[in-house]
Amino acid sequence: MTRVRAMLLLPLWVAAGALATAAAAARAAPAAGAAPAARASTSPAALVSTSPAPASLASASPAPTSAPVSAASPQPPAPPAPWQLHFGHSYSSVSALRQPATFVVSADLGRPALTQLDVGMLIEGPWQWNGGFDFGVRASAGSARRQSQRVYGSILRAWKHYDPVIVATSGEYEADGGFDVQKGVIGTEVTPVGGLPGLGVWMRPSFRLRWRPWIGVNYGNVFSTDDPDADREASGFWRGLARLELHFVPGRSNAAAAGTSGSAPAGAPAGAPAGVRTGAATSAPTRTPTGAASAAVASSTTASDRDEASFDLEATGWLLFDDPSSEGYVKAALAVPLGSGLSLAASAEVGRQPPRFELTRRIGIGLGFSY
């Protein structure tokens, strides 16, 4: 059991180390090609040209390669992006949202058919020019799960980009399948922007892997419970958390094959998220819609990349302060697109997640949908 918990808590140490290293690197070195005077400016126009706000992680729209914005002619901030709707496995991170919502039916002779549903919805919108708001709901349900293992939740989140990090604040509702255990949680999370290989952008055009760490703290309250182990989180409680998300697309980037950039566009600082539109030579700069779960890494894929098979993983570790202990939960999915948002998805989950932290181990293949 000690070994299993140590493995599940690996994201905690990876995220904490990556956050510290990336933040130190971003503070120590100015962006490549950016003049110190431009970086010292705090005006919105200067930030657009030298330190652009990250685009939505949930957004799948690619960013075109563009010419650098001239430092001699500052551009006004981009107009607010429209609100967008996304469907996936969960709203908890961009990797979870990229994992398709899945529906599985299994049946044995002489036994009733069992179902399993995992779905998340996220509505995202802009907050000025360097932040965003999110509202999401999710459900992990179906007769294949015991009532105590089913999870329902909703979240309201806001985030802002404060170079070299992104800070997100959220309020979340958690409940089990019978609504016997209900909790409300508020929290703050932080993630670095750039500074490490693959942090928010492809490792290389020929190796399309990117990752992102989050680390934060939550405070919650128990609305109702029938959990015999209620001392684990009673009345008001604190949680420390760390999350590691990973996205991988096999093969070489189509953008790279065509001779265009597969990572951050021209004009963006070194290590800036891809997908940030810094402006073309003949027009004012624009950026892709902002987003929340996202709040950090913009998509560096092309439209054809999104039609390729992909692997996504989200690993989360919690440190429970009331009853000093640690828990972890990992979910992953390999999706092969079928068209029109549908895919054939092989998914797996293992570990314990809120609100009950009951052990779950499951693997399956089913029909997936993402939007």
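Scoring rules and cut-offs
Residues numbered from 1 in each chain as written. Predicted model: local features only at pLDDT ≥ 70, side-chain atom pairs only at ≥ 80, totals over all residues. Heavy atoms only, no water. Pairing = 2+ DSSP bridges. Helix = DSSP H or I, 4+ residues; strand = E, 2+ residues; numbered from the N terminus. Patch = residues over 30% accessible without salt bridge, like charges linked within 9 Å, V, L, I, M, F, W, Y side chains within 5 Å. Areas by Shrake-Rupley, 256 points an atom, 1.4 Å probe, with all protein chains shown as cover. Salt bridge = Lys/Arg side-chain N within 4 Å of Asp/Glu carboxyl O. Buried < 20%, exposed > 50% of the residue type's maximum accessible area, 1.4 Å probe, protein only.

Q: Account for the pairing of strand 8 (residues 208-224), with residues named and values stated.
A: By the bridge criterion, 9 bridges tie strand 7 (residues 182-192) to strand 8 in an arrangement that is antiparallel. If you follow Ile-186 over to strand 8, its bridge partner there is Tyr-219. With 14 bridges connecting them, strand 8 and strand 9 (residues 236-249) associate as antiparallel partners. In the strand pairing of strand 9, Trp-214 is matched with Arg-243.

Q: Give a description of a nonpolar patch on the surface that names residues and reports values.
A: On the surface, Leu-85, Val-336, Leu-338, Leu-342, Leu-344, Ile-365, Leu-367, Phe-369 and Tyr-371 cluster together to form a nonpolar patch covering roughly 860 Å² of accessible area. Looking at the nonpolar patch, the elements that each hand over two or more residues are strand 11 (325-339), strand 12 (342-353) and strand 13 (358-369). Top contributing element to the nonpolar patch by residue count: strand 13, with 3 residues. Along the chain, Phe-369 falls in strand 13. Note on Phe-369: relative accessible area 32%, which makes it partly exposed.

Q: Just give me the short version of the pattern of salt bridges, but keep the residues and values in it.
A: One pass over the full model with this rule turns up 14 salt bridges. Among the salt bridges present, the one from Glu-358 reaches Arg-146, with a minimum N-O distance of 2.4 Å. One end of the pair, Glu-358, is in strand 13; the other, Arg-146, is in the loop between strand 4 (131-141) and strand 5 (151-162), with 212 residues separating them in the sequence. When the shortest N-O distance is used, the salt bridge between Lys-331 and Glu-314 registers 3.4 Å. Placement of Lys-331 in strand 11 and of Glu-314 in strand 10 (residues 310-320) is noted, with a sequence separation of 17 residues between them. Comparing Lys-331 with Glu-314 shows no difference in burial state: the two are buried. Among the charged side chains, a salt-bridge network with shared partners connects Asp-118, Arg-145, Glu-349 and Arg-362.

None of the figures reported here should be taken as evidence of function without further support.
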